[in-house]
Amino acid sequence: MPPLVRLEDASIGYVGRALLHGVSVAVEPEDFLAVVGPNGGGKTTLLRTLLGVLPPLEGRRVAEGRLRIGYVPQRDHVDALWPLGCGDVVVMGRVPLVGPRGRIGADDVEVARRALARVGLGDLWGRSFGTLSGGQRQRTLIARALAAEPRLLALDEPTNGMDPSAELAAMDLLRDLHRAGGIAVVMISHRLEAVANYARRLAFVDKDQDLWRIGPLEEMLRPEALSHLYGREVIVREEDGRRFVYPVAGGERP
Amino acid sequence: MSALSEFWSAAVIWRDPLVASVLAGALLGFLGVYVVLRRVVFVSAALTQLSTLGVIASLLVLEAFDLETDHQEIQLVVAWIFSVGGGLVLGTLGLGRRLPTEAGVGMAYVLAGALVILGANRLVHVAHDLNTMVFGNAVAVPFQDVVILLVVTGVVALLHTLFRKEIVFSSFDRETAEAMGVKVRLWGGVLFFTIGLAIPVAAHVVGALPVFAFLTVPAAAALLATRRLEPAFAVATGLGAVAAGGGYVASWVLQVPTGATMVVVAGALVLPAWLWKRLQS
């Protein structure tokens, strides 16, 4: 099957300010790609370029015609001041499909209800979005992305600020959605540990090193590669079938 | 005869001004929900100032060509150009990483304010026209202004009914809307076009200060009193109408300045909204 979207030898960044050069990546329909790197390393810019929000400065982006994208922002980027119910937020996922000439109908509401139920919050349809816990908000935003019936689910730091239990629950949910729904997942994270047990492929991004590297998870999780990315020694350990990744205290590398 | 009965007996005088004030209050109250939720309260202040600058600019040009300055339709059109243009620029402004958007809004506000003062300084002989446009003249609103306000209200209502879901989505979560293919610049532009359209005609009726107040206070009260967007729009529209109408009647009966009274009435409506919120929680 052809990739859903690909960047070919792209330079990414903003007009007059390229952050990364020579980026080539193809997102396949069954992909689970995690993009990791330090804060401010260019991950979000890469994602925005992949989604078509930012044009590549050089090279090109090729996407499947009428590619349906579901997007999940960082939950604290969404303004909880707005007086919206969970259902109101999830229904927004239908807006790109319905288009300016269409109206949100009963079918769209039904799809949104199913999406909210799929993330385990079916009984919170009428609850105020602003009164939800952090984890519930994140699930609601995932439900909104699912309401778009996406072929590609893109997430920006979906577990940012979550406690370990909520992080685990969110990542399990993403894995289940990926497996059951046949949805390609591209997520960015600065927490390698959060993605090390879920992604199929891993990409490293760091504009300061003009670093762009992508490969299968097992190949990319080698301590030498990670130490190069983070500038300090990193240990990768496997225990009870789960991978643990952590930097060594005082292990800075020149 | 009491002040109130005098008021009723003068219905022919106040009918059009009252209708225009209520329409302006309702229209701005509705738009104010977006202004408050998008956190662009000072954009509305800057647009009001730009609208006034448009009036000054039109008067200066008319005077430069030795034309009659009493062409209110020309003043209104130029005020619209300034206000809508300013809305489209300020509402979708991004100054990059070096400056926050508020810096651009602040600069527009003070520069427009300074140019208004400089321009007004050269227009001493048309001070009356200027005063009417800047501070409003709700006491004597011609029927023509009621019609213009009705047309503008209709255009705003139509655009916000047709494209409500796009405007709400791109206002609530611009990042996601953009990533999912919604044209956020277009819908932000539509929103600020309607705000820019409403401000000059409302300012002509009620004045600059009430315009700023109606774009902020009724929406703030409505957001305190309600928990959903639709009721917030309805309540803000109603409170805007009540503040404008109530302020108009109160100013007539108490013989005090109309615009300031409208603002005070609007402010007074926040208290019951706050109490309602406290009772509910």
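Just so it is clear, the structure is predicted and the values come from calculations on it, not from any experiment.

**Considerations on the overall build of chain A**
Item 1. For chain A, the helix and strand inventory stands at nine helices and 11 strands.
Item 2. For chain A, the C-alpha radius of gyration of 19 Å lies close to 18 Å, the compact-globule estimate for 254 residues.
Item 3. Dimensions of chain A, computed from C-alpha atoms along their principal axes, come out at roughly 60 × 40 × 35 Å.
Item 4. Taking the contacts inside chain A whose residues are at least 6 apart along the sequence as the reference set, 65% of them involve residues at least 24 apart.

**Digging into the overall build of chain B**
Item 1. Along chain B, the regular secondary structure elements total 15 helices and zero strands.
Item 2. Computed over C-alpha atoms, the radius of gyration of chain B comes to 19 Å, within 12% of the 19 Å expected from 2.2 N^0.38 for 281 residues, which places it in the range of a compact globule.
Item 3. Judged by the C-alpha coordinates and their principal axes, chain B covers about 60 × 55 × 30 Å.
Item 4. Long-range pairs, those at least 24 residues apart, make up 79% of the contacts in chain B with a sequence separation of at least 6.

**Re unusual backbone geometry**
Residue and element names in this part refer to chain A.
Item 1. Its identity is not glycine, yet Glu157 carries a phi of approximately 45°, on the positive side.
Item 2. Structurally, Glu157 is set in the loop between β6 (152-156) and α6 (164-181).
Item 3. Of note, Asp240 is a non-glycine position whose phi angle comes to about 50°, a positive value.
Item 4. The residue Asp240 is located in the loop between β10 (232-239) and β11 (242-252) in this model.
Item 5. On the basis of neighbour counts, which here come to 4 C-beta atoms within 10 Å, the residue Asp240 falls in the exposed class.

**What about the interface of chain A and chain B?**
Item 1. Contacts between the two partners involve 22 residues from chain A, matched on the other side by 20 residues from chain B.
Item 2. Elements with a minimum of two residues in the side of chain A that touches chain B: β5 (69-72) and α3 (95-98) of chain A.
Item 3. For the side of chain A that touches chain B, the class distribution of residues is 17 nonpolar, three polar and two charged.

**As for the sheet that holds strand β1 (residues 5-14) of chain A**
Residues and elements named next belong to chain A.
Item 1. One open sheet accounts for three strands, arranged β2-β1-β4; its pairing is antiparallel. Of all the strands in the sheet, the pair left with one neighbour each is β2 (17-27) and β4 (58-63). Taking the axes of each pair of neighbouring strands and ignoring which way they run, one obtains an average angle of 30° across the sheet.
Item 2. Lying over the sheet, helix α1 (residues 43-51) contacts β1, β2 and β4, oriented at roughly 130° with respect to β1.

**Notes on the confidence of the model for chain A**
Item 1. Overall, the predicted model of chain A reaches an average pLDDT of 89, with 98% of residues at or above 70.
Item 2. Across chain A, helix α2 (residues 86-91) of chain A holds the top mean pLDDT of 97, while β11(A) sits lowest at 76.

How each quantity is defined
Per chain, residue numbering runs from 1 following the sequence as it is written. Think of it this way: whatever chain is written first is A, whatever ligand is written first is 1, and the rest follow in order. This being a predicted model, a pLDDT of at least 70 is required before a residue's local features are given, and a value of 80 or more before pairs of side-chain atoms are given or counted; all residues contribute to the totals for chains, interfaces and linings. Counting from the N terminus, the helices are the DSSP runs of H or I reaching at least four residues and the strands are the DSSP runs of E reaching at least two. Radius of gyration: C-alpha atoms only; globule rule: 2.2 Å multiplied by the number of residues to the exponent 0.38. Whether two residues are in contact is decided by their C-beta atoms, placed from the backbone, lying within 7 Å. Once C-beta atoms are placed from the backbone, each residue is buried if 20 or more other C-beta atoms lie within 10 Å of its own, exposed if 12 or fewer, and partly exposed for counts between those two. Three classes are used, and their members are as follows: Ala, Val, Leu, Ile, Met, Phe, Trp, Tyr, Cys and Pro are nonpolar, Asp, Glu, Lys and Arg are charged, and the others, Gly among them, are polar. In this analysis, strands are considered paired if DSSP registers two or more bridges between them. All axes here are fitted lines through C-alpha atoms, helices being fitted over the stretch that makes contact, and every angle between N-to-C directions spans 0 to 180 degrees. Values of pLDDT, which run from 0 to 100, indicate the predictor's confidence residue by residue.

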